[in-house]
Amino acid sequence: MELGDGTRCVRAGLPEPVPGEPFLPGPVFAAPYHLDPAGPSPDRDGYARMDNPTRRRLESAIGELEGGDCLVFSSGQAAITGLLLSVLRPGDTALLPADGYYTVRAFAAATLRAQAVAVMLIPTAGPYPPLGGVRLVLLETPSNPGLEVCDIAAVAAIARAAGTLLAVDNTTATPLGQRPLALGADVVVGSGTKALAGHSDLLLGYLVTRDSAVLARLRQWRDQTGAVPGAFDAWLAHRSLATLDLRLERQSANAAAVATRLSSRSDVAGVRWPGLPGDRSHPVAARQMRRMPGVVSFDLGSADRVARFLAASRLVAAATSFGGLHTTADRRAQWGDDTSEGFVRLSCGIEDTDDLLADLSAALDATG
Ligand SMILES: Cc1ncc(COP(=O)(O)O)c(C=O)c1O
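A few points on the structure. Because the structure is predicted, anything quoted here is derived from the model rather than measured.

## What to know about the pairing of strand β3 (residues 118–122)
Link 1 in the chain: Pairing of strand β2 (residues 93–97) with β3 involves 5 bridges; the strand directions are parallel. Looking at the pairing, Leu-95 lines up with Met-120 of β3.

## Observations regarding the pattern of salt bridges
Link 1 in the chain: What the rule picks out here adds up to 21 salt bridges.
Link 2 in the chain: A salt bridge links Arg-265 to Asp-365, with the nearest nitrogen and oxygen atoms 2.8 Å apart. On the criterion of sequence distance, the pair formed by Arg-265 in the loop between α9 (244–263) and β8 (269–272) and Asp-365 in helix α12 (residues 353–366) is long-range, its members being 100 residues apart.
Link 3 in the chain: Looking at Arg-265, the relative accessible area reads 16%, which means it is buried.
Link 4 in the chain: Note on Asp-365: relative accessible area 54%, which makes it exposed.
Link 5 in the chain: Among the ionic contacts, a cluster of salt bridges with common partners joins Asp-5, Arg-8, Asp-245, Arg-290 and Arg-291.

## Observations regarding unusual backbone geometry
Link 1 in the chain: With omega at 5°, the peptide bond leading from Gly-126 into Pro-127 counts as cis.
Link 2 in the chain: At the junction of Thr-141 and Pro-142, the peptide bond is cis and its omega measures out at -5° in the coordinates.
Link 3 in the chain: At Thr-174, a position not held by glycine, the phi torsion is positive, near 70°.
Link 4 in the chain: Looking at where Thr-174 falls in the secondary structure, it is placed in helix α6 (residues 174–177).
Link 5 in the chain: Phi at Ser-200 is positive, roughly 55°, even though this residue is not glycine.

## Describing the site of the ligand
Link 1 in the chain: The environment of the ligand is formed by 14 residues, the closest being Gln-77, Asn-144, Asp-169, Ser-191 and Thr-193.
Link 2 in the chain: Contacts to the ligand include Gln-77, whose backbone N or O atom sits 2.8 Å from an oxygen atom.
Link 3 in the chain: Contact distances for the ligand include 3.0 Å between an oxygen atom and a side-chain N or O atom of Lys-194.
Link 4 in the chain: Starting from 390 Å² of accessible surface for the ligand in isolation, the protein chains cover 93%.
Link 5 in the chain: No other element matches helix α3 (residues 76–87), which puts 3 residues into the shell around the ligand.
Link 6 in the chain: Residues of the shell around the ligand, tallied by class, amount to 4 nonpolar, 7 polar and 3 charged.

Cut-offs applied
- Residues numbered from 1 in each chain as written.
- Predicted model: local features only at pLDDT ≥ 70, side-chain atom pairs only at ≥ 80, totals over all residues.
- Heavy atoms only, no water.
- Pairing = 2+ DSSP bridges.
- Helix = DSSP H or I, 4+ residues; strand = E, 2+ residues; numbered from the N terminus.
- Salt bridge = Lys/Arg side-chain N within 4 Å of Asp/Glu carboxyl O.
- Buried < 20%, exposed > 50% of the residue type's maximum accessible area, 1.4 Å probe, protein only.
- Near = heavy atom within 4 Å.
- Polar contact = N/O pair within 3.5 Å; in protein donor to acceptor, adjacent residues only side chain to side chain.
- Areas by Shrake-Rupley, 256 points an atom, 1.4 Å probe, with all protein chains shown as cover.
- Nonpolar A, V, L, I, M, F, W, Y, C, P; charged D, E, K, R; others polar.

Nothing here speaks to function; it is geometry throughout.
Structure below.
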């Protein structure tokens, strides 16, 4: 019998118990390590760009949760761009989300096109074109910020038939929300900066795969580019991972309550949350996701009303990230996302649901 999510999170990546040793050993701070005077040995740590035990423990933990072999990176962007640059060659075609995290599209425009990689931008909800001749597909589901969802297993089936590598950005769902490798994807990439680490105190990226050739290529890429997190950030992320199940449970419950409350208001438009039974992403989300994310999106009509709403709220902080302990909101158009001026991505924290609902309602009433 597979252990429950809470049990898996609290045990993930921990060493076997040794009397007198801590549960999670502290961070190992080193750049070089002492070498055997006779020369380096493959089973001893030599230099921290390649070797660090704190990082390896975090990789075991994330790998256990996603179901494959993990490499962690200095940020989500470092993981995603590392995947794109190490897999794609001039003349290749890559299919990327048209409505996903905007920096990935900006990177494609600035760097992939200059390397003669053709980029097709496809909306997350599809339809997906035939994949013959496409080297790599990157899905982002649920997408940030629109919370569209796509059927990973269906895209995996056409990708497999076409010999196309399928990667899924699992940032919003987290490995507890869905398991892309079990649904047929070849690679999971993501930002651990968001709900995975969840305390708004570090940047982290990760990649998980069961494909040994992809893993070897990405390891070489990371060894040579040096896009590794430091030992302290890796340790903090591992410590934080232990409570992922508890944090997601409250975030998701808060999102359900908030989405329902917002949907009932005539002064809030376009409420999206994949867990809402009436949401157009709900049927696929309910089938493939193990739990719903804590992120909700909606439209307050204008930039001015968003600013007044944020000023009036005591519990919703203006911040451009999501998945943290504190409830935050971000007006995405201010960063150049292709959203309306009043579009808000709200990330529910772990506050008490009643407090959050009361605060949101009061702030909306005050700015109606
Ligand atoms: C879906 C998604 N992928 C990747 C990233 C990039 O992650 P990072 O900020 O850790 O580089 C983000 C950041 O917001 C994101 O939302």
